[in-house]
Amino acid sequence: MLKSLEKNLNLHKIDYKYFASANEAKEYLKAELVNEKIAFGGSMTLKELGLYDILKENNEVFWHWETKTPDQRKIESELTVYMLSANAVAVTGEIVNIDGTGNRVANALYGPQKVYYVCGENKITPDLMSAIDRARNMAAPPNAKRLGLDTPCAIDGKCHNCAHERRICNAMSIVMGRTSKQQKCEVIVIGEKLGY
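What comes next is a walk through the structure.

The rules behind the values
- Residues numbered from 1 in each chain as written.
- Predicted model: local features only at pLDDT ≥ 70, side-chain atom pairs only at ≥ 80, totals over all residues.
- Heavy atoms only, no water.
- Patch = residues over 30% accessible without salt bridge, like charges linked within 9 Å, V, L, I, M, F, W, Y side chains within 5 Å.
- Areas by Shrake-Rupley, 256 points an atom, 1.4 Å probe, with all protein chains shown as cover.
- Salt bridge = Lys/Arg side-chain N within 4 Å of Asp/Glu carboxyl O.
- Buried < 20%, exposed > 50% of the residue type's maximum accessible area, 1.4 Å probe, protein only.
- Helix = DSSP H or I, 4+ residues; strand = E, 2+ residues; numbered from the N terminus.
- Polar contact = N/O pair within 3.5 Å; in protein donor to acceptor, adjacent residues only side chain to side chain.
- Contact = heavy atoms within 4.5 Å.
- Phe/Tyr/Trp six-rings, centres within 6.5 Å; stacked < 30°, edge-to-face > 60°.
- Lys NZ or Arg CZ within 6 Å of the ring centre and 35° of its normal.
- Pairing = 2+ DSSP bridges.
- Axes fitted to C-alpha atoms, helices over the stretch in contact; angles between N-to-C directions.
- Expected span 1.5 Å × (residues − 1).
- Bend = angle between axes of the 7 residues up to and from the residue.

### Some words on a nonpolar patch on the surface
And step 1. Together, Met 172, Ile 174 and Met 176 make up a nonpolar patch on the protein surface, roughly 270 Å² of accessible area in all.
And step 2. Taking relative accessible area as the criterion, Ile 174 reaches 32% and is therefore assigned partly exposed.

### Some thoughts on the side chain of Asn 59
And step 1. In this structure, Asn 59 sits in the loop between helix H4 (51-55) and strand E3 (60-63).
And step 2. Overall, the relative accessible area of 11% leaves Asn 59 in the buried class.
And step 3. At 3.4 Å, the side chain of Asn 59 and the backbone nitrogen of Val 34 are in polar contact.
And step 4. Among all residues touching Asn 59, those that are not within four sequence positions of it are Leu 33, Val 34, Asn 35, Glu 36 and Ile 38.

### Observations concerning the packing of aromatic side chains
And step 1. The tally for this structure, following the rule as stated, stands at four aromatic pairs.
And step 2. Ring plane angle 35° and centroid distance 5.2 Å describe the contact between Phe 19 and Tyr 28, whose orientation is recorded as tilted. As far as the burial class goes, Phe 19 and Tyr 28 line up, both buried.
And step 3. Here a set of aromatic residues connected by ring pairs shows up, and it is made of Phe 40, Tyr 52 and Trp 63.
And step 4. Over the face of the ring belonging to Tyr 110 we find Lys 181, whose NZ or CZ atom lies 5.4 Å from the ring centre.

### Focus on the sheet that holds strand E6 (residues 95-99)
Hydrogen bonding along the main chain pairs the strands of a sheet, whether they run parallel or antiparallel.
And step 1. Strand order in the open sheet formed by four strands is E8-E5-E6-E9, and the pairing between neighbours is mixed. Looking at the sheet topology across the chains shown, the edges are occupied by strand E8 (124-125) and strand E9 (171-175).
And step 2. Judged from the two bridges that link them, strand E5 (residues 88-90) and E8 form a sheet pairing that is parallel. Bridge pairing in E8 places Val 89 opposite Ile 124.
And step 3. Here helix H7 (residues 128-146) sits on the sheet in contact with E5, E6, E8 and E9, set at roughly 30° to E6.

### Section: the pattern of salt bridges
And step 1. By the definition in use, this model includes seven salt bridges.
And step 2. Residue Asp 53 is joined to Lys 56 by a salt bridge in which the shortest nitrogen-to-oxygen separation is 3.6 Å.
And step 3. Look at Lys 56 and you get partly exposed, because its relative accessible area is 42%.

### Re the sheet that holds E3
And step 1. Taken in spatial order, the six strands of this open sheet run E1-E10-E7-E4-E2-E3, and their pairing is parallel. The strands lining the two open edges of the sheet, one partner per strand, are strand E1 (15-19) and E3. The mean angle between the axes of side-by-side strands here comes to 20°, regardless of whether they run parallel or antiparallel.
And step 2. Across four bridges, strand E4 (residues 81-84) lies against strand E7 (residues 114-120) in parallel orientation.

### Focus: H7
And step 1. For H7, with 19 residues, the first-to-last C-alpha span of 26 Å sits near the 27 Å given by 1.5 Å per residue.
And step 2. Largest kink in H7: about 35°, centred on Ala 140, with the proline Pro 141 one to four residues after it.
And step 3. Listing the buried residues of H7 in full gives Ala 131, Ile 132, Arg 134, Ala 135, Ala 139, Ala 140, Pro 141 and Ala 144.
And step 4. Taken together, the buried residues of H7 touch E5, E6, E8, helix H8 (152-156) and E9.
And step 5. Its side-chain oxygen at 3.4 Å from the backbone nitrogen of Met 129, Asp 127 defines the N-terminal cap of H7.
And step 6. Looking one or two residues past H7, Gly 148 carries a phi angle of roughly 75°, positive in sign.

Now the structure itself:
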């Protein structure tokens with residue numbers, strides 16, 4: 001499965017790295033990213049890994065969960081690196097994310113020169129349709145619940161494709177290849193369960 005994932009990502013100019021443990025992945029990213037201007041998208045995976053504290057030692061790092069700034073959009077427009085996770089990564093090579101405000105999916109698609117998706121092995125699915133299903137039914141409901149929302153999915157744990165005013169799944173991105181503006185797009189898979 002992982003060999004097929006690597007082959008399909010590489011086919012579309014997306015780099016792939018696998019690490020058996022979170023510690024190995026953290027050491028790789030600490031060595032890989034030095035003197036960069038990095039922003040984080042909202043991600044329980046990144047939080048669980050403690051990457052904000054690790055990467056801010058040698059970089060200028062911004063994360064709206066940690067760093068409050070009056071001009072977040074200006075900072076995001078000057079990034080060299082964007083870090084996020086994925087709601088799902090299909091073995092067939094697609095990366096799926098759902099977003100409420102759109103900042104996370106927008107920055108991953110258009111903005112920084114380098115984008116890193118850091119994912120636990122639990123986010124790998126066989127194909128695109130199962131990746132979409134995972135994003136909608138396994139990632140979004142617990143995230144809505146964590147945020148204290150009263151959306152139907154936060155109540156019963158499954159997507160209703162609702163029209164709730166606080167819905168967190170207003171935009172979905174399906175990355176099928178590195179965008180022409182990006183110098184690097186990399187999926188890092190860690191052999192542990194991380195995030196939603």
